[in-house]
Number of protein chains: 2
Amino acid sequence: MIKIGILGYGNIGRGVELAVKNAPDMELVAIFSRRKGLKSVSGTVCEIIDNLEAYVDKIDVLILCGGSATDLPVQGPIMLKYFNTVDSFDTHAKIPEYFDRMNQTGKNSGKLGAISIGWDPGLFSLMRVMFDSVMGGKFYTFWGRGVSQGHSDAIRRIEGVKKGIQYTVPVEETVKEVKDGLNKTYTARQMHTRECYVVAEEGADLAQIENSIKSMPNYFADYNTTVHFISDKEFDENHNKMPHGGMVIGSCFTNSKNKEITEFKLTLDSNPEFTALVLVAYARAVYRLSKCGISGALTVLDIPFKLLSPEENSVLREKLL
Amino acid sequence: MIKIGILGYGNIGRGVELAVKNAPDMELVAIFSRRKGLKSVSGTVCEIIDNLEAYVDKIDVLILCGGSATDLPVQGPIMLKYFNTVDSFDTHAKIPEYFDRMNQTGKNSGKLGAISIGWDPGLFSLMRVMFDSVMGGKFYTFWGRGVSQGHSDAIRRIEGVKKGIQYTVPVEETVKEVKDGLNKTYTARQMHTRECYVVAEEGADLAQIENSIKSMPNYFADYNTTVHFISDKEFDENHNKMPHGGMVIGSCFTNSKNKEITEFKLTLDSNPEFTALVLVAYARAVYRLSKCGISGALTVLDIPFKLLSPEENSVLREKLL
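For the structure given in this document, a descriptive report is provided here. These numbers were taken from a predicted model, which means no experiment stands behind them.

**Overview of the pattern of salt bridges**
All names here are of chain A.
Thought 1: Here the structure, examined in full by the defined rule, presents 28 salt bridges over all chains.
Thought 2: The salt bridge partner of Asp-153 is Arg-156, with a shortest N-O separation of 2.6 Å. Taken together, the positions of Asp-153 and Arg-156, both in helix H5 (residues 149–156) and three residues apart, correspond to about one turn of that helix.
Thought 3: Each of the salt bridges in this network shares a partner with another, and the network as a whole consists of Lys-162, Lys-163, Asp-232 and Asp-236.

Okay, here's the thing in structure tokens:
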């Protein structure tokens, strides 16, 4: 049995807990958090983060379930000194820097860290590399319809906003063009729209909130954004989930005239729970590669699929190839 | 530059020729065939198969473009004695046996062969293993709408048939159920229908041809099959392409209630030309792995995606991860 630890008990941490419990070849040793007196859903031992040291020999892979903004850049390199790790670091622009730090740390400690694991970065990255390598044509990534945590947070920071959530939505006509192999270049606005649902504080200036959202640089200004003011009750009833998903679509022409279209699509009721499933499959790969003496940092691009499965490679060849 | 040779100059061989010509890091050395006096589309040197020996030091990877029924089981193990190889061996039931023979041959010769490369087996296999490893739920493979070579051949062997082609078509309602996460078990008949277009010889007994097709065991008897008799002209005009494709769809529930759906879809105007693109990307991986001293046989499940791309891994992390 592969002995797993979880660091961070938010939505992803709880998803990992469920996924490890369902894995035939894994055992959940403990859940670590900054909070004292935490109780876990599955009854697994909960420890405060300071007690991690005592588990150095008791855990094969520590799954880091913190956020990319502040948790992982600090926790990743510290934990990789003592544990093999898997994380979902998803700040695309900072991946090369984070990779280098994790790789250096792991090479020094003899531990292995799989970074940026999930569906994007993660499964979508695999598709982008596959489509690019095989077809050399263009490929497009669409996200949604789904909740963007970053954009929802941005809304909630605006004065007068009590609750807020943002859905990223692919522009249907553009998706259709891409699936038709049109190979055009699109602006951000042509690819996605942004739908916001806001509960305002009593007496707040709605027009000003709407304007603050729509004009916010980077987040909303470059998109067609709609803002819906709704009641507390409607918010709690209809916007309490974290669905997400999206598509990577590639296309090329062979022999000048034959159109070849490839598409990978995710439709997820729970973004964090699906991300957790991916983290757990890659924890299996990290365990195996570490046993072979591999250390440093890896991404999905470095890891063959046979290592994700609890089955033997010969069984996979027979049944799934 | 990676020096490539092609063995077999049918539809896939011609597709590989095009794909290698378009690859930034590859050079097409020669095309080998049983036929004397062959001229290649690109003007590449053509040689009869007997002259392969003279190329042992001139070719890094030999791409085997013969058929799975009779060519590859013989050619694969012979060629792997002298060359690194890539092939599209696609007789699912015989893959374990073929793998073992190729693996043993390669271990002895120090050469590396990637077997069963293409889209199914190949990219679809990757998806089946990924979906199974990550989600553990059910997954379904649909093929088509597209031309099945094996079924078309079966039609053409019937007395009175002058020309024949068969399209495999997924049953739409079943695809919809699967995408809805219903997780049911389906019979062959519930998954696909078979559409046949036949040009009959003059004076042939059409009813008998139709009956021979529909009652053919393994190929047609287990499916809802339609037979359309058409003219020579219509056949040549409308059925002269080899489109194919299909879908691998996975689904699971997380936390008992959240439905997660994953889908990989190919829509190909030219089955052999797309297969050729995949073969060429994996030839790149074979070249690199062989340079690292790896020998024997591998499948798509053993090969990380970074090896498929002409780009450096650090560039992939920066741009595509």
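**Overview of helix H6 (residues 172–179) of chain A**
All names here are of chain A.
Thought 1: For H6, every residue scored as buried is listed here: Thr-174, Val-175 and Val-178. Here the buried residues of H6 occupy an arc of 100° about the axis, which is enough to place them on one side. Turned more than 90 degrees away from the buried face of H6 sit Glu-172, Glu-173 and Lys-176, all of them exposed.
Thought 2: Buried-residue contacts for H6 involve strand E7 (138–143), strand E9 (161–170), helix H7 (188–191), strand E12 (244–254) and strand E13 (258–268).

**Remarks on the sheet that holds strand E8 (residues 146–147) of chain B**
Residues and elements named next belong to chain B.
Thought 1: Here four strands make up an open sheet; going across it, the order is E8-E9-E10-E11 and the pairing mixed. Every interior strand has two partners, whereas the edge strands, E8 and strand E11 (224–229), have only one.
Thought 2: Note: E8 against strand E9 (residues 161–170), two bridges, orientation antiparallel. Pairing of Val-147 across the sheet is with Tyr-167, part of E9.
Thought 3: Across the sheet, helix H8 (residues 206–214) touches E9, strand E10 (192–200) and E11, and the angle it forms with E11 is around 150°.

**Quick look at the pairing of strand E4 (residues 61–64) of chain A**
Working note: regular strand, side chains alternate between the two faces of the sheet.
Residue and element names in this part refer to chain A.
Thought 1: Of the two faces of E4, the one carrying Val-61 and Ile-63 and the one carrying Leu-62 and Leu-64 are both buried.
Thought 2: As defined by bridge partners, strand E1 (residues 2–7) adjoins E4 across four bridges and the pair is classed as parallel. Within E4, the position partnered with Gly-5 by the bridge is Leu-62.
Thought 3: Pairing analysis gives four bridges linking E4 to strand E5 (residues 84–87), with the strands arranged parallel. Residue pairing across strands places Val-61 opposite Asn-84, the latter belonging to E5.
Thought 4: In this region the chain leaves E4, passes through helix H2 (residues 71–79) and returns to the parallel neighbour E5; the handedness of that crossover is right-handed.

**A look at the relation of the copies chain A and chain B**
Thought 1: Least-squares fitting of chain A to chain B yields an RMSD of 0.0 Å, with the superposition described by an axial translation of 0.0 Å and a rotation of 180°. Here the copies are linked by what is in effect a two-fold axis.
Thought 2: Mapped onto chain B, 98% of the interface residues of chain A are again interface residues, and the two copies thus contact each other with one and the same surface.

**Examining the packing of helix H4 (residues 123–135) of chain A against helix H4 (residues 123–135) of chain B**
Thought 1: At a minimum axis distance of 13 Å, the contact between H4 of chain A and H4 of chain B shows a crossing angle of 175°. Between H4 of chain A and H4 of chain B, the interaxial angle falls into the category roughly antiparallel. Along its contact with H4 of chain A, which presents Leu-123, Leu-126, Met-127 and Met-130 of chain A, the element H4 of chain B presents Leu-123, Leu-126, Met-127 and Met-130 of chain B.
Thought 2: For the contact of H4 of chain A with H4 of chain B, the per-class residue count stands at eight nonpolar, no polar and no charged.

So, how was this worked out
- Residues numbered from 1 in each chain as written.
- Chains lettered and ligands numbered in written order.
- Predicted model: local features only at pLDDT ≥ 70, side-chain atom pairs only at ≥ 80, totals over all residues.
- Heavy atoms only, no water.
- Salt bridge = Lys/Arg side-chain N within 4 Å of Asp/Glu carboxyl O.
- Helix = DSSP H or I, 4+ residues; strand = E, 2+ residues; numbered from the N terminus.
- Buried < 20%, exposed > 50% of the residue type's maximum accessible area, 1.4 Å probe, protein only.
- Arc of directions from axis to C-beta.
- Contact = heavy atoms within 4.5 Å.
- Pairing = 2+ DSSP bridges.
- Axes fitted to C-alpha atoms, helices over the stretch in contact; angles between N-to-C directions.
- Right-handed = clockwise from strand over helix to strand, strands pointing away.
- Least-squares fit on C-alpha atoms with pLDDT ≥ 70 in both.
- Parallel < 35°, antiparallel > 145°, perpendicular 65-115°, else oblique.
- Nonpolar A, V, L, I, M, F, W, Y, C, P; charged D, E, K, R; others polar.

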